[in-house]
Amino acid sequence: MVKLLTTDARKRVLTTAAEEAHRRGDRRIGTDHMLLGLLHEPAAAKLLGVGLDDARRVSSTLDRAALAAVGLDAPTLDAPLPVRSRRRPPFTSGSREVLKRSVDEARAVKSRHIEARHLLLGILSRERPDPAAELLAAMDVDVAGARARLKRPAN
Amino acid sequence: MTPTKIFPELVSEDPAAGLRAVGVLHRLAEQVEAIHVELARKQGWSWEQIGDALGVSRQSVHAKYGK
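Caption draft 1: Region of the structure containing a nonpolar patch on the surface. Side chains of Leu72 of chain A together with Leu10, Val11 and Leu25 of chain B sit close together on the surface and give an oily, nonpolar patch of about 260 Å² of accessible area. Tracing the chain through its elements places Val11 of chain B in the loop between α1 (3–6) and α2 (15–42).

Caption draft 2: Region of the structure containing the pattern of salt bridges. Per the counting criterion, the structure on display carries 19 salt bridges over all chains. A salt bridge links Arg27 of chain B to Asp26 of chain A; the shortest N-O distance between them is 3.5 Å. Of the two residues, Arg27 of chain B sits in helix α2 while Asp26 of chain A sits in the loop between α1 (8–23) and α2 (31–39), which places them in two different chains. The class of Asp26 of chain A is partly exposed, set by a relative accessible area of 21%.

Caption draft 3: Just the packing of α2 of chain B against helix α4 (residues 58–65) of chain B, in detail. All names here are of chain B. Two numbers describe how α2 lies on α4: the axes approach to 12 Å, and their chain directions differ by 90°. When the axes of α2 and α4 are compared, the pair comes out roughly perpendicular. The segment α2 lies against α4, with Glu30, Glu33, Ala34 and Val37 engaging Val61, Lys64 and Tyr65. Its residues assigned to classes, the contact of α2 with α4 comprises 4 nonpolar, no polar and 3 charged.

Caption draft 4: Local environment of the environment of Ala21 of chain B. Within the secondary structure, Ala21 of chain B is located in helix α2. In this structure, Ala21 of chain B is in contact with Ala66, Leu67 and Val70 of chain A, ignoring residues within four places of it in sequence.

Caption draft 5: Representation of unusual backbone geometry within the structure. Residues and elements named next belong to chain A. Each neighbour pair has its own omega, and for Arg128 with Pro129 the value is 10°, a cis peptide bond. Along the chain, Pro129 turns up in the loop between α6 (116–124) and α7 (131–138). Positioned with a positive phi, Lys110 is a non-glycine residue whose angle comes to about 55°. Mapped onto the elements of the fold, Lys110 is located in the loop between α5 (93–108) and β2 (113–114). A positive phi angle is found at Asp140, which is not glycine, with a value near 55°. For Asp140, the position within the fold is in the loop between α7 and α8 (143–151).

Criteria and thresholds
- Per chain, residues are indexed from 1 in the order of the written sequence.
- Going through the entries in the order they are written, you letter the chains from A and number the ligands from 1.
- pLDDT decides what is reported in this predicted model: residues at 70 or higher carry local features, side-chain atom pairs at 80 or more are listed and counted, and totals for whole chains, interfaces and linings draw on all residues regardless.
- Heavy atoms throughout the structure, all of them, feed into the side-chain values; hydrogens and water do not.
- Like charges are joined within 9 Å and nonpolar side chains (Val, Leu, Ile, Met, Phe, Trp, Tyr) within 5 Å, but only among residues with over 30% relative accessible area and no salt bridge; these make up the patches.
- Residue burial considers only the protein chains on display, and all accessible areas are found by Shrake-Rupley using a 1.4 Å probe.
- One side-chain nitrogen of Lys or Arg within 4 Å of one carboxyl oxygen of Asp or Glu is enough to make a salt bridge.
- Each helix is a run of H or I in the DSSP string that is no shorter than four residues. Each strand is a run of E no shorter than two, and both are numbered from the N terminus.
- Exposed residues in this analysis have more than 50% of their type's maximum accessible area, buried residues have under 20%, and partly exposed residues fall in between, with area computed by a 1.4 Å probe over protein chains only.
- Only the stretch in contact is used when a helix axis is fitted, and all axes are lines through C-alpha atoms; the angle between N-to-C directions ranges over 0 to 180 degrees.
- By the definition adopted for this analysis, an angle is roughly parallel if under 35 degrees, roughly antiparallel if over 145, roughly perpendicular if from 65 to 115, and oblique otherwise.
- In what follows, a contact means two residues having at least one pair of non-hydrogen atoms within 4.5 Å.
- Note on residue categories: nonpolar means Ala, Val, Leu, Ile, Met, Phe, Trp, Tyr, Cys or Pro, charged means Asp, Glu, Lys or Arg, and polar means any other residue, Gly included.

Here it is in structure tokens:
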């Protein structure tokens, strides 16, 4: 069996995903946080055609719409928490699926490394109501097109 | 009695919106908690006093926010 190594980019994405979860006060690293983590990578942002700030803003818009749907109007505090929990938050089951999928994607192309692109393919395989899929849909990202471009054997 | 009859204004036909709203409220609670735990510590509250105010044990609040 091919030993799969992790790359710096993947590690970086998982770290920024944890930071995004923390920033929003979430207890678990969700697929939406992983997507935000990926958008810290300029290559991923370019491929999807959306920026990190856009994604954060649209995510907040979805939050406000959800609150309005149940008749509530509360502020969404988009500021990092002043106190950092020492524990790294666990992944949601959706995020664990993405991690599994990224391993499959890496194996499928005989890559010895799980790269950020494989994580991105994992994210792009999610379907609504998955939070990352909802966010991509709200930003009108061409998911099928992005998948096709990632799968193309260039580079 | 259905939930609709109790809190008609809190009910959405769309579970995706309703569940997302719950997540937002959890997050908001975490944010308000973190801000005020820090404030309480700065004002000299003990972990025990903070735990009592939050309705949790001293240990759990210290494990979460202690340095």
